[in-house]
Amino acid sequence: MDINAFRAELETRLSIEKQYIVQKLSSINDYQEKLESLGKFNEKYREIIKRLSNEFGIDLNEPFQTENPSKSESLTYEQIILGRTMSIYDKLVDELYDEITSTN
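Note that the coordinates shown come from a computational prediction; the quantities given were computed from them, not determined experimentally. Along every chain, residues carry numbers that run from 1 in the direction the sequence is written. Totals for whole chains, interfaces and linings use all residues, but because this is a predicted model, local features are given only for residues with pLDDT of at least 70 and pairs of side-chain atoms are given and counted only at 80 or more. Side-chain descriptors were evaluated using all non-hydrogen atoms of the structure, hydrogens and water having been removed beforehand.

Draft legend 1. Examining the environment of Arg-51 more closely. By the criteria applied, helices consist of DSSP H or I runs no shorter than four residues and strands consist of E runs no shorter than two, each listed in order from the N terminus. As for its position among the elements, Arg-51 is in helix 2 (residues 31-56). Overall, Arg-51 belongs to the partly exposed group, its relative accessible area being 40%. Placed 41 residues apart in sequence, Arg-51 and Leu-10 show a C-alpha to C-alpha distance of 9.8 Å. Throughout this description, buried means an accessible area under 20% of the type-specific maximum (1.4 Å probe, protein chains only), exposed means over 50%, and partly exposed covers the range between.

This is how it looks when you write it as structure tokens:
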């Protein structure tokens, strides 16, 4: 699995989703509804990971193969991907939150 290519594509697609949500914020007057956009962004994050996994031929439920197979810790590809891409999500969701709070 090429995690760097996966991360780059995920960041591109999530950035596009964030921009789409930011554009929709201007038409939303209710602050609570704006905050709900954060939950929608989280759903998009998970959807995009699933879509990219299919495109990359990755089974998210399959155990991740490490260089040292004697380790007793067995993580799935989904857990590895979430762990290695969470910083992208965190950065973009923080930016989205700033957009929400600045438009209120």
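On we go.
Draft legend 2. Structural detail: the nonpolar core. Leu-14, Phe-41, Ile-49 and Leu-96 are the most contacted members of the largest nonpolar core, which has 26 residues in total. Secondary-structure elements contributing two or more residues to this core are helix 1 (3-25), helix 2 and helix 3 (77-102). For this core, the element with the most residues is helix 3, which contributes 10 residues. Sequence-distant contacts of Leu-14, defined by excluding residues within four places in its chain, comprise Phe-41, Tyr-45, Ile-48, Ile-88 and Leu-92. Each nonpolar core is a collection of buried residues, namely Ala, Val, Leu, Ile, Met, Phe, Trp, Tyr and Cys, held together in the definition by side-chain atoms within 4.5 Å. Throughout, a residue-residue contact means that at least one pair of heavy atoms, one from each residue, lies within 4.5 Å.

Draft legend 3. Representation of the packing of helix 1 against helix 3 in the model. Here the axes come from fitting lines to C-alpha atoms, over the contacting stretch only for helices, and the angles between their N-to-C directions go from 0 to 180 degrees. Running from amino to carboxyl end, helix 1 crosses helix 3 at an angle of 20°, the nearest separation of the two axes being 10 Å. Classified by the interaxial angle, the pair formed by helix 1 and helix 3 is roughly parallel. As helix 1 runs across helix 3, the sense of the crossing is right-handed. On helix 3, the residues that touch Ile-3, Phe-6, Arg-7, Leu-10, Glu-11, Leu-14, Ser-15, Lys-18, Ile-21, Val-22 and Leu-25 of helix 1 are Ile-81, Arg-84, Thr-85, Ser-87, Ile-88, Lys-91, Leu-92, Glu-95, Leu-96, Glu-99 and Ile-100. Looking at the contact of helix 1 with helix 3 residue by residue, the class counts come to 12 nonpolar, 3 polar and 7 charged. Each angle gets one of four labels, with under 35 degrees taken as roughly parallel, over 145 as roughly antiparallel, 65 to 115 as roughly perpendicular, and the rest as oblique. Working rule for handedness: look at the near helix, and if it is turned counterclockwise from the far one by less than a right angle, call the crossing left-handed; if clockwise, right-handed. Residues are grouped as follows: Ala, Val, Leu, Ile, Met, Phe, Trp, Tyr, Cys and Pro are nonpolar; Asp, Glu, Lys and Arg are charged; all remaining types, including Gly, are polar.

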